[in-house]
Amino acid sequence: MHRVAISSTGLYLPPEIITNAELVAAFNSFADESNAMHAEDIEAGRRAPVPQSSVEFIEKASGIKRRYVMEKTGVLDPQRMHPRLQARPDNEISLMAEIGVAAAREALARAGKHPEDIDGVICAAANMQRAYPAMAIEIQTALGIKGFGFDMNVACSSATFAIEMAVNAVKVGSARAILVVDPEITSPHLAWKDRDCHFIFGDVCTAILIERLDTAPAGSFEVLGTRLFTSFSNSIRNNAGFMSRSEDRDPDDRDQLFYQEGRKVFKEVCPLAAEHMTAHLAEHALVPTDVRRYWLHQANLSMNQLIARKLLGRDATADDAPVILNEFANTASAGSIIAFHRHHDDIEAGQIGVICSFGAGYSIGSVIVRRT
Ligand code: CO8
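What this report covers is the structure whose coordinates are included nearby. (Residues numbered from 1 in each chain as written. Predicted model: local features only at pLDDT ≥ 70, side-chain atom pairs only at ≥ 80, totals over all residues. Heavy atoms only, no water.)

1. Re the site of the ligand
Near the ligand there are 27 residues, and of these Cys 156, Gln 260, Arg 263, Asn 300 and Ala 360 occur at the shortest range. In the model, a nitrogen atom of the ligand is placed 2.9 Å from a nitrogen or oxygen of the Ser 53 side chain. Between the ligand and the protein, one listed contact pairs an oxygen atom with a side-chain N or O atom of Arg 263 at 2.7 Å. Protein contact buries 77% of the 1,200 Å² of open area that the ligand shows by itself. Taken together, the elements giving at least two residues each to the shell around the ligand come down to helix H3 (55–62) and helix H8 (262–283). Here the element with the most residues in the shell around the ligand is H8; it accounts for 3 residues. Residues that form the shell around the ligand fall into these classes: 12 nonpolar, 12 polar and 3 charged. (Near = heavy atom within 4 Å. Polar contact = N/O pair within 3.5 Å; in protein donor to acceptor, adjacent residues only side chain to side chain. Areas by Shrake-Rupley, 256 points an atom, 1.4 Å probe, with all protein chains shown as cover. Helix = DSSP H or I, 4+ residues; strand = E, 2+ residues; numbered from the N terminus. Nonpolar A, V, L, I, M, F, W, Y, C, P; charged D, E, K, R; others polar.)

Written out as structure tokens, the structure is:
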């Protein structure tokens, strides 16, 4: 068995930003237009008016201030309210793979590695652009990596679950190094016309290089352990899939996009996540206060504050559990990896950190690391 490390990460930033003010202005125009169009039905009580959104609510309820997106004019067009993405011919690389390659190149460069050092690519994301061929194989081919690639989806826990797959492969020697790539293009799956969730998500891509500790550069993070958990819940869903056409579904049907019971998720997931990390740390003879930094899933600021308080027995600082969702919003499985990418330089040799995701499924994945 080999010892395994996270040797580097990469981050791709989409080209456009939507601020809360822009988002709310577009949503409220859509609401006004829709209410004017259905004024008679609303007046007669046959239809509920679309309520207005508000920047104050969004910032107070979530901590989100802006989000990156691949394309914003379509999202901000009250007549459309979803991004304008171009279909590509089959001989061009997919959008997910394109941003995956960019993040992966950064991870390789940071670790001083080359495609010939890598044996596999896992493309892990909450929503896949298509069923096949795998985006991971496109990324693998574009980078010139021999070996294998496959896609996997565990919603917001896709990255941590993929890290476990990669760690195990490297540990047993079936691969020397694996790139875990998380292209999260959430904007096409978001119900931008629903004020309860129109502010929640953003687009991004992260990449993580997992390799043998004995080939990893100094300052890498040894993976001490990974732990996965799932428990079925209907509280976060997206029913779109390859059977939708045969069910004669309209792609705009509400259940063909992301929907959730946000309060229920909040109440159920916070204790589960804190218990999960505490139990995982105990397997390694550690307690939560031994941890120098938590890189938590970035869905909601109060959620992370509550989880960190349960772990530490006190209010967490941004140094204990850094926050990136003010800048990025919820980027599904990439959130905890962005937090790690942006906030690990000051961790000293020997100090312990935990990367933890939580989301639809429900699913929770934790990775305990120690800086070398
Ligand atoms: N503006 C003004 N008022 C609003 C708005 C708005 N935009 N939205 C809701 N309100 C109103 C509500 O209607 C409600 O009014 P009333 O009291 O009259 O009923 C009031 O404000 C309070 O609403 P909520 O109770 O819903 O507000 P909360 O304080 O609970 O905040 C949140 C809502 C932010 C959604 C919060 O519950 C939350 O963050 N929960 C956790 C969510 C979470 O972690 N989800 C995980 C999702 S990620 C995942 O795993 C899925 C991956 C999918 C990939 C991405 C594809 C797109």
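From this point, the discussion proceeds with the structure in view.
2. Looking at the nonpolar core
Of all hydrophobic cores here, the largest spans 50 residues; its most connected members are Met 277, Tyr 294, Met 303, Ile 307, Val 354 and Phe 358. Elements with a contribution of two residues or more to this core: helix H1 (20–37), H8, strand E11 (291–296), helix H9 (301–312), strand E12 (352–359) and strand E13 (363–371). For this core, the element with the most residues is H8, which contributes 7 residues. Apart from the residues within four sequence positions on either side, Ile 307 is in contact with Cys 270, Ala 273, Ala 274, Met 277, Leu 296 and Phe 358. (Core = buried A, V, L, I, M, F, W, Y, C linked by side-chain atoms within 4.5 Å. Buried < 20%, exposed > 50% of the residue type's maximum accessible area, 1.4 Å probe, protein only. Contact = heavy atoms within 4.5 Å.)

3. Some words on the sheet that holds strand E7 (residues 204–212)
The 9 strands lie next to each other as E5-E4-E6-E7-E1-E8-E13-E12-E11, forming an open sheet whose pairing is mixed. A single partner strand is all that each edge strand has here, and the edge strands are strand E5 (148–152) and E11. Taking each pair of neighbouring strands and ignoring which way they run, the sheet shows an average axis angle of 25°. Both E12 and E13 contribute to a ladder of 8 bridges, which runs antiparallel. Looking across to E13, one finds that Ile 355 is bridged to Val 367. On top of the sheet, H9 reaches E11 and E12; it is set at about 150° to E11, its chief contact. (Pairing = 2+ DSSP bridges. Axes fitted to C-alpha atoms, helices over the stretch in contact; angles between N-to-C directions.)

4. Observations regarding the packing of aromatic side chains
Applying the stated criterion across every chain, the model contains 8 aromatic pairs. Ring geometry for Tyr 68 and Phe 328: centres 5.1 Å apart, planes at 45°, overall tilted. Residue Tyr 68 is located in strand E3 (residues 66–69), and its partner Phe 328 is located in helix H10 (residues 325–328); the two are separated by 260 residues in the primary sequence. On the accessibility criterion, Tyr 68 (7% relative accessible area) is buried. Judged by relative accessible area, which is 0%, Phe 328 ranks as buried. Taking the centre distance of 6.1 Å and the plane angle of 90° together, the rings of Phe 221 and Trp 295 count as edge-to-face. Note that Phe 221 is positioned in strand E8 (residues 221–230) and Trp 295 in strand E11, a separation of 74 residues in sequence. Among the residues examined, Phe 221 registers a relative accessible area of 3% and is labelled buried. Residue class for Trp 295 comes out buried when judged on its relative accessible area of 0%. (Phe/Tyr/Trp six-rings, centres within 6.5 Å; stacked < 30°, edge-to-face > 60°.)

5. Structural notes on the packing of H1 against H3
Two numbers describe how H1 lies on H3: the axes approach to 9 Å, and their chain directions differ by 125°. Compared by their axis directions, H1 and H3 come out oblique. Judged by the twist between their axes, the crossing of H1 over H3 is right-handed. Contacts between H1 and H3 involve Asn 20, Ala 21, Leu 23 and Val 24 from the former and Val 55, Ile 58 and Glu 59 from the latter. Looking at side-chain class alone, the contact of H1 with H3 contains 5 nonpolar, 1 polar and 1 charged residues. (Parallel < 35°, antiparallel > 145°, perpendicular 65-115°, else oblique. Left-handed = near helix turned anticlockwise from the far one by under 90°.)

6. Things to note about the environment of Tyr 132
Note that Tyr 132 resides in the loop between strand E4 (120–124) and helix H6 (135–143). The exposure class of Tyr 132 is exposed, given its relative accessible area of 69%. For the pair Tyr 132 and Asp 151, spaced 19 residues apart in sequence, the C-alpha separation works out to 9.1 Å.

7. Let's talk about the environment of Leu 281
Locating Leu 281 in the fold gives a position in helix H8. By relative accessible area, Leu 281 is classed as buried at 0%. Taking the C-alpha atoms as reference points, Leu 281 and Val 367, 86 residues apart in sequence, are found 9.7 Å from one another. Once you skip the residues sitting within four places of it in the chain, Leu 281 turns out to touch Leu 286, Val 287, Pro 288, Val 291, Tyr 294, Val 354 and Ile 368.

Keep in mind these values describe shape, not function.
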